[in-house]
Amino acid sequence: MQRHIVVLTGAGISAESGLSTFRDNGGLWEQHSVYDVATPEAFARNQELVLRFYNERRRQLATAQPNRAHRLLAELEQSHRVTIVTQNVDDLHERGGSSRVVHLHGELTKARSSFNPELIYDIGYRDIQLGEQCECGQQLRPHIVWFGEEVPMLQAAADIVRTADDLLIVGTSLQVYPAAGLIHEVERDVPITVIDPGEAPGVSRARVIRKGAGEGVAEWIANFLAR
Ligand code: APR
(Lines give C-alpha, C1' and ligand atoms only; values in the text may rest on other atoms or scores of the structure.)
Protein backbone atom coordinates (compact mmCIF):
# COMPACT_ATOMS: atom_id res chain seq x y z
CA MET A 1 0.00 0.00 0.00
CA GLN A 2 1.47 3.33 -1.08
CA ARG A 3 2.41 5.72 1.70
CA HIS A 4 0.13 8.77 1.83
CA ILE A 5 2.17 11.96 2.03
CA VAL A 6 0.22 14.97 3.30
CA VAL A 7 1.83 18.37 2.84
CA LEU A 8 0.57 21.33 4.89
CA THR A 9 1.79 24.51 3.19
CA GLY A 10 1.72 28.23 3.91
CA ALA A 11 2.89 31.45 2.34
CA GLY A 12 6.56 30.48 2.67
CA ILE A 13 6.29 27.89 -0.12
CA SER A 14 5.29 30.68 -2.51
CA ALA A 15 7.98 33.12 -1.29
CA GLU A 16 10.46 31.80 -3.88
CA SER A 17 7.87 32.61 -6.55
CA GLY A 18 8.05 36.24 -5.47
CA LEU A 19 4.78 36.33 -3.48
CA SER A 20 4.93 38.06 -0.08
CA THR A 21 4.40 36.08 3.07
CA PHE A 22 2.25 37.58 5.83
CA ARG A 23 4.45 37.81 8.91
CA ASP A 24 7.99 38.08 7.61
CA ASN A 25 9.64 41.50 7.51
CA GLY A 26 7.86 43.50 4.83
CA GLY A 27 5.07 40.92 4.80
CA LEU A 28 1.49 41.65 3.81
CA TRP A 29 0.38 42.25 7.39
CA GLU A 30 3.13 44.81 7.82
CA GLN A 31 1.83 46.80 4.86
CA HIS A 32 -1.89 46.39 5.59
CA SER A 33 -4.02 46.00 8.68
CA VAL A 34 -5.88 42.70 8.66
CA TYR A 35 -8.86 44.64 10.00
CA ASP A 36 -8.90 46.90 6.96
CA VAL A 37 -8.69 44.23 4.25
CA ALA A 38 -9.32 40.71 5.55
CA THR A 39 -12.45 40.67 7.73
CA PRO A 40 -16.18 40.73 6.87
CA GLU A 41 -16.43 44.01 8.82
CA ALA A 42 -13.73 45.52 6.57
CA PHE A 43 -15.74 44.53 3.49
CA ALA A 44 -18.93 45.97 4.98
CA ARG A 45 -17.07 49.20 5.79
CA ASN A 46 -15.09 49.74 2.59
CA GLN A 47 -15.76 47.30 -0.26
CA GLU A 48 -13.53 49.22 -2.64
CA LEU A 49 -10.44 49.01 -0.37
CA VAL A 50 -10.90 45.26 0.15
CA LEU A 51 -11.51 44.59 -3.56
CA ARG A 52 -8.40 46.61 -4.42
CA PHE A 53 -6.23 44.62 -1.95
CA TYR A 54 -7.20 41.30 -3.54
CA ASN A 55 -7.14 42.71 -7.10
CA GLU A 56 -3.49 43.70 -6.51
CA ARG A 57 -2.63 40.21 -5.20
CA ARG A 58 -4.45 38.56 -8.15
CA ARG A 59 -2.55 40.72 -10.68
CA GLN A 60 0.73 39.79 -8.96
CA LEU A 61 -0.23 36.11 -9.05
CA ALA A 62 -0.82 36.35 -12.82
CA THR A 63 2.89 37.09 -13.27
CA ALA A 64 4.19 34.61 -10.65
CA GLN A 65 5.34 31.12 -11.55
CA PRO A 66 5.34 27.86 -9.54
CA ASN A 67 8.76 27.26 -8.02
CA ARG A 68 10.94 24.20 -7.48
CA ALA A 69 9.09 23.19 -4.31
CA HIS A 70 5.68 23.23 -6.05
CA ARG A 71 7.06 21.23 -8.96
CA LEU A 72 8.87 18.63 -6.81
CA LEU A 73 5.71 17.96 -4.78
CA ALA A 74 3.77 17.51 -8.01
CA GLU A 75 6.38 15.10 -9.41
CA LEU A 76 6.15 12.99 -6.23
CA GLU A 77 2.58 12.10 -7.30
CA GLN A 78 4.10 9.87 -9.99
CA SER A 79 5.26 7.39 -7.34
CA HIS A 80 3.26 8.21 -4.22
CA ARG A 81 -0.13 9.38 -3.01
CA VAL A 82 0.31 13.08 -2.23
CA THR A 83 -2.33 15.49 -0.90
CA ILE A 84 -1.62 19.18 -0.47
CA VAL A 85 -3.52 20.99 2.30
CA THR A 86 -2.69 24.64 1.81
CA GLN A 87 -3.46 27.88 3.61
CA ASN A 88 -2.41 29.69 0.44
CA VAL A 89 -4.97 31.28 -1.85
CA ASP A 90 -2.63 31.26 -4.86
CA ASP A 91 -2.94 28.60 -7.60
CA LEU A 92 0.78 27.77 -7.73
CA HIS A 93 0.35 24.19 -6.44
CA GLU A 94 -2.14 23.50 -9.24
CA ARG A 95 -0.01 25.27 -11.85
CA GLY A 96 3.00 23.32 -10.56
CA GLY A 97 1.10 20.12 -11.40
CA SER A 98 -0.38 18.95 -8.08
CA SER A 99 -3.73 17.26 -8.63
CA ARG A 100 -5.03 16.96 -5.07
CA VAL A 101 -5.06 20.40 -3.41
CA VAL A 102 -7.35 21.50 -0.56
CA HIS A 103 -7.50 25.27 -0.02
CA LEU A 104 -8.34 26.03 3.62
CA HIS A 105 -8.51 29.81 3.16
CA GLY A 106 -10.10 30.04 -0.29
CA GLU A 107 -8.75 30.83 -3.75
CA LEU A 108 -7.72 34.16 -5.34
CA THR A 109 -8.85 32.96 -8.79
CA LYS A 110 -12.46 32.65 -7.65
CA ALA A 111 -15.14 35.17 -6.72
CA ARG A 112 -18.41 34.52 -4.94
CA SER A 113 -21.69 36.18 -4.13
CA SER A 114 -21.51 38.32 -0.97
CA PHE A 115 -25.01 36.99 -0.23
CA ASN A 116 -25.05 33.30 -1.20
CA PRO A 117 -21.70 31.50 -0.55
CA GLU A 118 -22.80 28.67 -2.86
CA LEU A 119 -22.53 31.02 -5.87
CA ILE A 120 -18.83 30.74 -6.80
CA TYR A 121 -17.32 31.98 -10.09
CA ASP A 122 -13.93 31.29 -11.71
CA ILE A 123 -12.42 34.69 -12.52
CA GLY A 124 -8.79 33.79 -13.17
CA TYR A 125 -6.54 36.80 -12.52
CA ARG A 126 -8.96 39.58 -13.42
CA ASP A 127 -10.17 42.27 -11.03
CA ILE A 128 -13.48 42.14 -9.20
CA GLN A 129 -15.13 45.50 -9.88
CA LEU A 130 -17.16 47.47 -7.37
CA GLY A 131 -20.76 47.07 -8.58
CA GLU A 132 -20.12 43.70 -10.23
CA GLN A 133 -22.96 41.47 -9.08
CA CYS A 134 -23.77 37.78 -8.75
CA GLU A 135 -26.90 36.37 -10.41
CA CYS A 136 -28.92 37.36 -7.31
CA GLY A 137 -27.91 41.00 -7.62
CA GLN A 138 -25.40 41.16 -4.80
CA GLN A 139 -21.83 42.46 -4.96
CA LEU A 140 -19.19 39.88 -5.86
CA ARG A 141 -16.49 39.33 -3.21
CA PRO A 142 -13.19 37.42 -3.19
CA HIS A 143 -13.65 33.67 -2.49
CA ILE A 144 -11.34 34.04 0.52
CA VAL A 145 -11.89 32.95 4.14
CA TRP A 146 -11.49 36.18 6.14
CA PHE A 147 -10.57 36.33 9.79
CA GLY A 148 -13.61 35.48 11.88
CA GLU A 149 -15.27 33.46 9.10
CA GLU A 150 -15.93 29.71 9.05
CA VAL A 151 -13.32 27.44 7.39
CA PRO A 152 -15.59 25.20 5.27
CA MET A 153 -12.79 22.81 4.21
CA LEU A 154 -11.55 22.21 7.78
CA GLN A 155 -13.28 18.85 8.32
CA ALA A 156 -12.18 17.58 4.91
CA ALA A 157 -8.61 18.65 5.71
CA ALA A 158 -8.69 16.98 9.13
CA ASP A 159 -9.94 13.73 7.55
CA ILE A 160 -7.02 13.91 5.08
CA VAL A 161 -4.39 14.59 7.74
CA ARG A 162 -5.68 11.63 9.76
CA THR A 163 -4.81 9.32 6.84
CA ALA A 164 -1.24 10.65 6.51
CA ASP A 165 1.69 8.24 6.72
CA ASP A 166 4.05 11.21 6.53
CA LEU A 167 3.28 14.87 7.32
CA LEU A 168 5.41 17.58 5.70
CA ILE A 169 4.91 21.18 6.90
CA VAL A 170 6.35 23.76 4.50
CA GLY A 171 6.48 27.54 4.85
CA THR A 172 3.93 28.26 7.55
CA SER A 173 4.34 29.99 10.90
CA LEU A 174 1.40 27.91 12.20
CA GLN A 175 0.05 31.01 13.93
CA VAL A 176 -3.45 30.92 12.48
CA TYR A 177 -6.12 28.56 13.79
CA PRO A 178 -7.94 26.36 13.03
CA ALA A 179 -5.44 25.53 10.24
CA ALA A 180 -2.53 25.25 12.69
CA GLY A 181 -4.48 22.75 14.79
CA LEU A 182 -4.46 20.24 11.94
CA ILE A 183 -0.99 18.99 12.96
CA HIS A 184 -2.62 17.35 16.00
CA GLU A 185 -4.75 15.15 13.74
CA VAL A 186 -1.86 12.90 12.69
CA GLU A 187 -1.42 9.47 14.27
CA ARG A 188 1.30 9.34 16.96
CA ASP A 189 3.72 7.24 14.89
CA VAL A 190 3.51 9.45 11.79
CA PRO A 191 6.82 11.24 11.06
CA ILE A 192 6.46 15.05 10.91
CA THR A 193 9.01 17.24 9.12
CA VAL A 194 9.02 21.05 9.14
CA ILE A 195 10.75 22.92 6.30
CA ASP A 196 11.37 26.56 7.13
CA PRO A 197 14.48 28.78 6.95
CA GLY A 198 13.26 30.87 9.87
CA GLU A 199 12.30 30.13 13.46
CA ALA A 200 10.46 26.91 12.75
CA PRO A 201 6.98 26.81 14.22
CA GLY A 202 6.78 24.92 17.51
CA VAL A 203 5.93 21.38 16.46
CA SER A 204 7.34 19.36 19.35
CA ARG A 205 8.20 16.02 17.78
CA ALA A 206 8.96 17.33 14.27
CA ARG A 207 12.26 16.99 12.46
CA VAL A 208 13.28 20.42 11.14
CA ILE A 209 14.98 21.14 7.82
CA ARG A 210 16.01 24.76 8.32
CA LYS A 211 16.11 25.64 4.63
CA GLY A 212 14.01 27.41 1.99
CA ALA A 213 11.16 25.45 0.43
CA GLY A 214 12.90 24.51 -2.85
CA GLU A 215 16.07 23.15 -1.24
CA GLY A 216 14.24 21.75 1.78
CA VAL A 217 11.65 19.81 -0.22
CA ALA A 218 14.40 18.42 -2.48
CA GLU A 219 16.31 17.25 0.60
CA TRP A 220 13.22 15.72 2.22
CA ILE A 221 12.29 13.84 -0.96
CA ALA A 222 15.85 12.50 -1.39
CA ASN A 223 15.83 11.22 2.21
CA PHE A 224 12.29 9.84 1.84
CA LEU A 225 13.06 7.94 -1.36
CA ALA A 226 16.31 6.56 0.13
CA ARG A 227 14.43 5.02 3.11
N1 APR B 1 10.78 28.79 2.17
C2 APR B 1 10.08 28.22 3.19
N3 APR B 1 9.51 28.92 4.20
C4 APR B 1 9.69 30.26 4.17
C5 APR B 1 10.41 30.93 3.15
C6 APR B 1 10.97 30.13 2.13
N7 APR B 1 11.68 30.68 1.12
N8 APR B 1 10.39 32.26 3.44
C9 APR B 1 9.69 32.41 4.58
N10 APR B 1 9.28 31.21 5.04
C11 APR B 1 8.49 30.89 6.24
C12 APR B 1 8.59 31.91 7.35
O13 APR B 1 9.74 31.67 8.16
C14 APR B 1 7.30 31.65 8.12
O15 APR B 1 7.46 30.61 9.08
O16 APR B 1 7.14 30.87 5.86
C17 APR B 1 6.33 31.17 7.02
C18 APR B 1 5.32 32.21 6.62
O19 APR B 1 4.48 32.44 7.73
P20 APR B 1 3.27 33.46 7.56
O21 APR B 1 3.75 34.68 6.87
O22 APR B 1 2.62 33.58 8.91
O23 APR B 1 2.28 32.75 6.54
P24 APR B 1 1.25 31.59 6.86
O25 APR B 1 1.74 30.70 7.97
O26 APR B 1 0.90 30.94 5.57
O27 APR B 1 -0.04 32.41 7.39
C28 APR B 1 -1.20 31.64 7.65
O29 APR B 1 -2.42 33.68 8.05
O30 APR B 1 -2.94 35.79 7.42
C31 APR B 1 -3.38 34.50 7.40
O32 APR B 1 -4.85 33.58 5.84
C33 APR B 1 -3.54 34.02 5.99
O34 APR B 1 -3.15 31.80 5.13
C35 APR B 1 -2.58 32.85 5.90
C36 APR B 1 -2.42 32.44 7.35
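See the structure shown above.
Residues numbered from 1 in each chain as written. Predicted model: local features only at pLDDT ≥ 70, side-chain atom pairs only at ≥ 80, totals over all residues. Heavy atoms only, no water.

Peer 1: Mind showing me how you'd approach the nonpolar core here?
Peer 2: The nonpolar side chains of a soluble globular protein tend to be buried, and buried together. With 26 residues, the main nonpolar core has Leu-8, Val-85, Leu-104, Leu-167, Ile-169, Leu-182 and Val-203 as its most contacted residues. Elements with a minimum of two residues in this core: β1 (4-9), α8 (154-162), β7 (166-170) and β8 (192-195). Ranked by residues supplied to this core, first place goes to α8 with four residues. Apart from residues no more than four positions distant in its own chain, Val-85 is found in contact with Val-6, Val-7, Leu-8, Thr-9, Val-102, Leu-104, Ala-157, Ile-160 and Leu-182. (Core = buried A, V, L, I, M, F, W, Y, C linked by side-chain atoms within 4.5 Å. Buried < 20%, exposed > 50% of the residue type's maximum accessible area, 1.4 Å probe, protein only. Helix = DSSP H or I, 4+ residues; strand = E, 2+ residues; numbered from the N terminus. Contact = heavy atoms within 4.5 Å.)

Peer 1: I would appreciate a short explanation of the packing of aromatic side chains in the present structure.
Peer 2: The full count for this structure, using the stated rule, is seven aromatic pairs. Taking 5.9 Å as the distance between ring centres and 20° as the angle between the ring planes, the aromatic pair formed by Trp-29 and Phe-53 counts as stacked. A residue pair is termed long-range when its members are at least 10 positions apart, and Trp-29 in helix α2 (residues 28-31) and Phe-53 in helix α5 (residues 47-63) qualify at 24 residues. Neither Trp-29 nor Phe-53 differs from the other in exposure class; each is buried. Here the aromatic rings of Trp-29 and Phe-147 are separated by 6.3 Å at their centres, their planes lie at 65°, and the arrangement is edge-to-face. Of this pair, Trp-29 sits in helix α2 while Phe-147 sits in the loop between β6 (140-144) and α8, and the two are 118 residues apart along the sequence. A relative accessible area of 35% places Phe-147 in the partly exposed class. (Phe/Tyr/Trp six-rings, centres within 6.5 Å; stacked < 30°, edge-to-face > 60°.)

Peer 1: What is the right way to read the site of the ligand from this model?
Peer 2: Taken together, 22 residues sit near the ligand, with Arg-23, Trp-29, Thr-172, Ser-173 and Asp-196 positioned nearest. Here Glu-16 contributes a side-chain N or O atom positioned 2.9 Å from a nitrogen atom of the ligand. Between the ligand and Thr-172 there is a distance of 2.7 Å, counted from an oxygen atom to a side-chain nitrogen or oxygen. Summarising the interface, the protein chains cover 91% of the accessible area of the ligand, which totals 730 Å² for the free molecule. Of the residues contributing to the shell around the ligand, the split by class is eight nonpolar, ten polar and four charged. (Near = heavy atom within 4 Å. Polar contact = N/O pair within 3.5 Å; in protein donor to acceptor, adjacent residues only side chain to side chain. Areas by Shrake-Rupley, 256 points an atom, 1.4 Å probe, with all protein chains shown as cover. Nonpolar A, V, L, I, M, F, W, Y, C, P; charged D, E, K, R; others polar.)

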